[in-house]
Amino acid sequence: MTCRDEVEPHPGRPARRYYELSGTGRAQAQAALSARRARRGRAFGTRLAGETA
């Protein structure tokens, strides 16, 4: 993960902080979301497209 601060000044509020996932972090996040979707689908008696019983 990389992060950077906002460079343009905005009076009256603090600078924003921007974050970006690395390639590895992006892959891990996608895997975690896929696993969550699969668990939620089974909990409601549904399957993902292409999934067999």
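Placed above this text is the structure.
Residues numbered from 1 in each chain as written. Predicted model: local features only at pLDDT ≥ 70, side-chain atom pairs only at ≥ 80, totals over all residues. Heavy atoms only, no water.

J.: What should I look at first to understand the overall build of the chain in this one?
T.: Along the chain, the regular secondary structure elements total one helix and two strands. The N-to-C order of helical and strand elements in the chain reads β-β-α. Taken across its 53 residues, the chain has 8% of its residues classed as buried. Of the roughly 4,900 Å² that the chain leaves accessible, carbon and sulfur atoms contribute 55%. (Helix = DSSP H or I, 4+ residues; strand = E, 2+ residues; numbered from the N terminus. Buried < 20%, exposed > 50% of the residue type's maximum accessible area, 1.4 Å probe, protein only. Areas by Shrake-Rupley, 256 points an atom, 1.4 Å probe, with all protein chains shown as cover.)

J.: Which parts of the structure should I look at to understand the pattern of salt bridges?
T.: For side chains of opposite charge, pairing can occur when their charged atoms come near one another. This model, assessed by the stated rule, comprises three salt bridges. One salt bridge connects Arg 13 with Glu 6, and the closest N-O pair in it is separated by 3.2 Å. A relative accessible area of 32% places Arg 13 in the partly exposed class. Among the salt bridges present, the one from Glu 6 reaches Arg 16, with a minimum N-O distance of 4.0 Å. With Glu 6 in the loop between β1 (2-5) and β2 (17-20) and Arg 16 in the loop between β1 and β2, this residue pair connects regions lying ten residues apart in the sequence. Classification of Glu 6 by relative accessible area gives buried; the value is 13%. In the salt-bridge network here, residues are joined through shared partners; they are Glu 6, Arg 13 and Arg 16. (Salt bridge = Lys/Arg side-chain N within 4 Å of Asp/Glu carboxyl O.)

J.: Teacher, can you tell me more about the side chain of Glu 6 here?
T.: Polar side-chain contacts of Glu 6 include one of 3.4 Å to the side chain of Tyr 18. Those residues in contact with Glu 6 that sit more than four places away from it in its chain are Arg 13, Ala 15, Arg 16 and Tyr 18. (Polar contact = N/O pair within 3.5 Å; in protein donor to acceptor, adjacent residues only side chain to side chain. Contact = heavy atoms within 4.5 Å.)

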